Amino acid sequence: VLSPVANVGKAIPALAEYPLILCYLDNDTAGRAAVARLRREFGDRVSDKSALYPDHKDLNDYLMSLNQKQITKPKFKL
């Protein structure tokens, strides 16, 4: 997770040591561009995980939606 994705250049040296890079970036142009740049640098070691939350802006938005479902879901019937 990069916040903001403009920091991808700064992250490249640190990511070089990892055998697998899982990207949970925004579902927008900037997020896709960051994944593309990482793939140019590291090839198949990069895995884009944004497909896990396709209807949400980002991972946080997705996780917050899960929390909202739990809050609004009644625990028992009256």
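This one's a predicted model, so the numbers in the text were calculated from it and none came from an experiment. (Residues numbered from 1 in each chain as written. Predicted model: local features only at pLDDT ≥ 70, side-chain atom pairs only at ≥ 80, totals over all residues. Heavy atoms only, no water.)

## Considering the confidence of the model for the protein
Averaged over all residues, the pLDDT of the protein equals 88, while 83% of them reach at least 70. Per-element confidence in the protein is highest for strand β2 (residues 46-48), whose mean pLDDT is 97, and lowest for helix α3 (residues 59-72), whose mean pLDDT is 82. (pLDDT = per-residue confidence, 0-100. Helix = DSSP H or I, 4+ residues; strand = E, 2+ residues; numbered from the N terminus.)

## Digging into the pattern of salt bridges
Counted under the stated rule, the structure contains two salt bridges. For the salt bridge of D26 with K57, the shortest nitrogen-to-oxygen distance reads 3.3 Å. With D26 in the loop between β1 (21-23) and α2 (29-42) and K57 in the loop between β2 and α3, this residue pair connects regions lying 31 residues apart in the sequence. Residue D26 is classed as partly exposed on the basis of its relative accessible area of 22%. Residue class for K57 comes out partly exposed when judged on its relative accessible area of 49%. A single network of salt bridges, built from pairs that share partners, joins D26, K57 and D58. (Salt bridge = Lys/Arg side-chain N within 4 Å of Asp/Glu carboxyl O. Buried < 20%, exposed > 50% of the residue type's maximum accessible area, 1.4 Å probe, protein only.)

## Observations regarding helix α1 (residues 8-15)
Among all positions in α1, only V8, A11, I12 and L15 are buried. The buried residues of α1 occupy one face: seen down the axis, they fall within an arc of 120°. Those residues of α1 that are exposed and aimed more than 90 degrees away from the buried face are K10 and P13. Tucked into the core, α1 has its buried residues touching β1 and α2. (Arc of directions from axis to C-beta. Contact = heavy atoms within 4.5 Å.)

## Digging into the side chain of S65
Considering the arrangement of structural elements, one finds S65 in helix α3. Taking the relative accessible area as the measure of exposure, S65 reaches 17% and is therefore buried. There is a polar contact of 2.6 Å between the side chain of S65 and the backbone oxygen of Y62. (Polar contact = N/O pair within 3.5 Å; in protein donor to acceptor, adjacent residues only side chain to side chain.)

## Comments concerning the packing of α1 against α2
At a closest axis distance of 11 Å, the pairing of α1 and α2 adopts a crossing angle of 35°. Of the two possible hands of crossing, α1 and α2 adopt the one that is right-handed. Note on element contacts: α2 touches α1 through A34, R37, L38, E41 and F42, opposite V8, G9, I12 and L15. Considered class by class, the residues forming the contact of α1 with α2 number six nonpolar, one polar and two charged. (Axes fitted to C-alpha atoms, helices over the stretch in contact; angles between N-to-C directions. Left-handed = near helix turned anticlockwise from the far one by under 90°. Nonpolar A, V, L, I, M, F, W, Y, C, P; charged D, E, K, R; others polar.)

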